[in-house]
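Coordinates in review
Now for the letters of each chain:
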Amino acid sequence: KPLTSILIKSNLLRKSLLATLVAAYEKSVKPSSLEKMSEETVRTWLNDFLEVFGWDVRNVNQVWQETVLNENERRRLVSINSTHKRPDYTLLKGGEIKTFFDAKAPSVDVFSSKAAAFQIRSYGWSAQVPCAFVSNFAQLAIFDTRFKPDSEQDASHGVIQIRVEEYVDKFDILFAHLWRGNVIADGLHRLYEFSRKEGEKALDAAFMNVLSSPGAA
């Protein structure tokens, strides 16, 4: 009971912080100004977004920024003709890669861009992590990266797509995927072990399992 109470309070706080961040974004960023926004500016919003979920982007034990992948991962990337090798964010447990998060300028539609999808799928697949993320903040895509990527595969395949105006309503999905306690406790592996076996009901059960695990506290 006490653990459940702590989890509820923690989740409510995180959800409130996310709502505040979304409101600040919507107040500051108008549709007419999106074409002028750089990827670097997007990353300032994503830094705060990751902080909501417990990641300190300044701590190199938690996050590497623009760090070149190791030789084994680069070799796997070469095998699928991917020229990319420097993810924007590598989320870690110590020196162990848990997932990747890539930033894009608003000019990139991460829901439809085959190039953006191939890039993030390639990063995830190269390090054998179950999923990876790409976002221009207005859009967030969570890709299943367990399967060998194909540069011609549609961005709509094997992905969860969430718009900024949905972030608060879909907080549980974001929390299950991004909360640092879940990620470093291998919550993503548990989530994706269930998600493709028995469909949406199993995925919902996996969310609940991850949220109730000790790593989520």
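What you see is a predicted model; the values in this text were computed from it and never measured.

On to the confidence of the model for the protein chain. When the pLDDT values of the protein chain are averaged, the result is 86; 85% of them are 70 or greater. Here helix H8 (residues 200-211) is the element of the protein chain with the lowest mean pLDDT, 44, and strand E4 (residues 131-135) is the one with the highest, 98.

Our next topic: unusual backbone geometry. The phi angle at Asn 81 is positive, at roughly 60 degrees, despite the residue not being glycine. Structurally, the position occupied by Asn 81 is in the loop between helix H3 (71-79) and strand E2 (89-93).

Most of strand E3 (residues 96-103) is tucked away: 7 of the 8 residues are buried. For E2 and E3, the ladder comprises 5 bridges, and the chain directions are antiparallel. Bridge pairing links Lys 93 to Glu 96 in E3. With antiparallel pairing between neighbouring strands as the criterion, E2 and E3 make up a hairpin whose turn holds 2 residues, including Gly 94 at a positive phi of roughly 65 degrees. Across 3 bridges, E3 lies against E4 in parallel orientation. Counterpart to Ala 103 in the pairing with E4 is Ser 135. Where the polypeptide runs from E3 across helix H4 (residues 114-126) and back to E4, its parallel neighbour, the crossover connection is right-handed.

In this section: the packing of aromatic side chains. Scanning the entire structure with this criterion turns up 14 aromatic pairs. Each ring, one from Tyr 25 and one from Trp 45, has its centre 5.3 Å from the other, and the planes form 90 degrees; the classification is edge-to-face. Of this pair, Tyr 25 sits in helix H1 (residues 2-28) while Trp 45 sits in helix H2 (residues 39-52), placing them 20 residues apart in sequence. Centre to centre, the rings of Tyr 25 and Phe 137 are 4.6 Å apart; their planes meet at 45 degrees, and the pair counts as tilted. Separated by 112 residues along the polypeptide, Tyr 25 in helix H1 and Phe 137 in the loop between E4 and strand E5 (139-144) bring together distant segments of the chain. The exposure classification of Tyr 25 matches that of Phe 137, with both residues buried. Three or more aromatic residues joined by ring pairs form one cluster here, namely Tyr 25, Trp 45, Phe 49, Phe 53, Tyr 89, Phe 101, Phe 133, Phe 137, Tyr 167, Phe 171, Phe 175 and Trp 179. Over the face of the ring belonging to Trp 55 we find Arg 180, whose NZ or CZ atom lies 5.8 Å from the ring centre.

Moving on, we come to the sheet that holds strand E6 (residues 159-163). Spatial strand order, E1-E2-E3-E4-E5-E6: 6 strands in an open sheet with mixed pairing. Looking at which strands have only one partner, the edges of the open sheet turn out to be strand E1 (63-65) and E6. Neighbour to neighbour, the strand axes of the sheet diverge by 20 degrees on average, direction disregarded. Pairing analysis gives 5 bridges linking E5 to E6, with the strands arranged antiparallel. Bridged to Gln 139 within E6 is Arg 163.

This brings us to the pattern of salt bridges. Per the stated rule, a full pass over the model turns up 10 salt bridges. For Asp 88, the salt bridge identified is with Arg 43, shortest N-O distance 3.7 Å. Here Asp 88, found in the loop between H3 and E2, pairs with Arg 43, found in helix H2; they are 45 residues apart in sequence, far enough to count as distant. Summarising the burial analysis for this pair, Asp 88 and Arg 43 share the class buried. With its nearest N and O atoms 2.8 Å apart, the salt bridge here joins Arg 146 to Asp 144. What makes Arg 146 partly exposed here is its relative accessible area of 32%. Asp 144 gets classed as buried once you look at its relative accessible area, which sits at 8%. Where salt bridges share partners, they join Arg 43, Glu 66 and Asp 88 into one cluster.

Conventions and cut-offs
- Position numbers for residues count from 1 along each chain, tracking the sequence in the order it is written.
- It should be noted that, the model being predicted, local features are given only for residues of pLDDT at least 70 and side-chain atom pairs only at 80 or more, the latter also being counted only at that level, while totals for whole chains, interfaces and linings use all residues.
- The basis for every side-chain value is the complete set of non-hydrogen atoms in the structure, without hydrogens or water.
- pLDDT is a residue-level measure of predictor confidence that goes from 0 to 100.
- Comment: elements are numbered from the N terminus, with helices defined as DSSP H or I runs of at least four residues and strands as E runs of at least two.
- Type-normalised accessible area, obtained with a 1.4 Å probe on protein chains alone, sets the label of each residue: buried when under 20%, exposed when over 50%, and partly exposed for intermediate values.
- For two strands to be treated as a pair, DSSP must find no fewer than two bridges joining them.
- Clockwise travel from the first strand over the helix to the second, with the strands pointing away from the viewer, marks a crossover as right-handed.
- Any Phe, Tyr or Trp ring, taking Trp's six-membered ring, that has another such ring centre within 6.5 Å forms a pair; planes under 30 degrees apart are called stacked, those over 60 apart edge-to-face, and the others tilted.
- By definition, being over a ring means that NZ of Lys or CZ of Arg is both within 6 Å of the ring centre and within 35 degrees of the ring normal.
- Here an axis means a line fitted to C-alpha atoms, over the contact stretch when the element is a helix, while the angle between two N-to-C directions is reported on a 0 to 180 degree scale.
- Any Lys or Arg side-chain nitrogen found within 4 Å of a carboxyl oxygen on Asp or Glu counts as a salt bridge.

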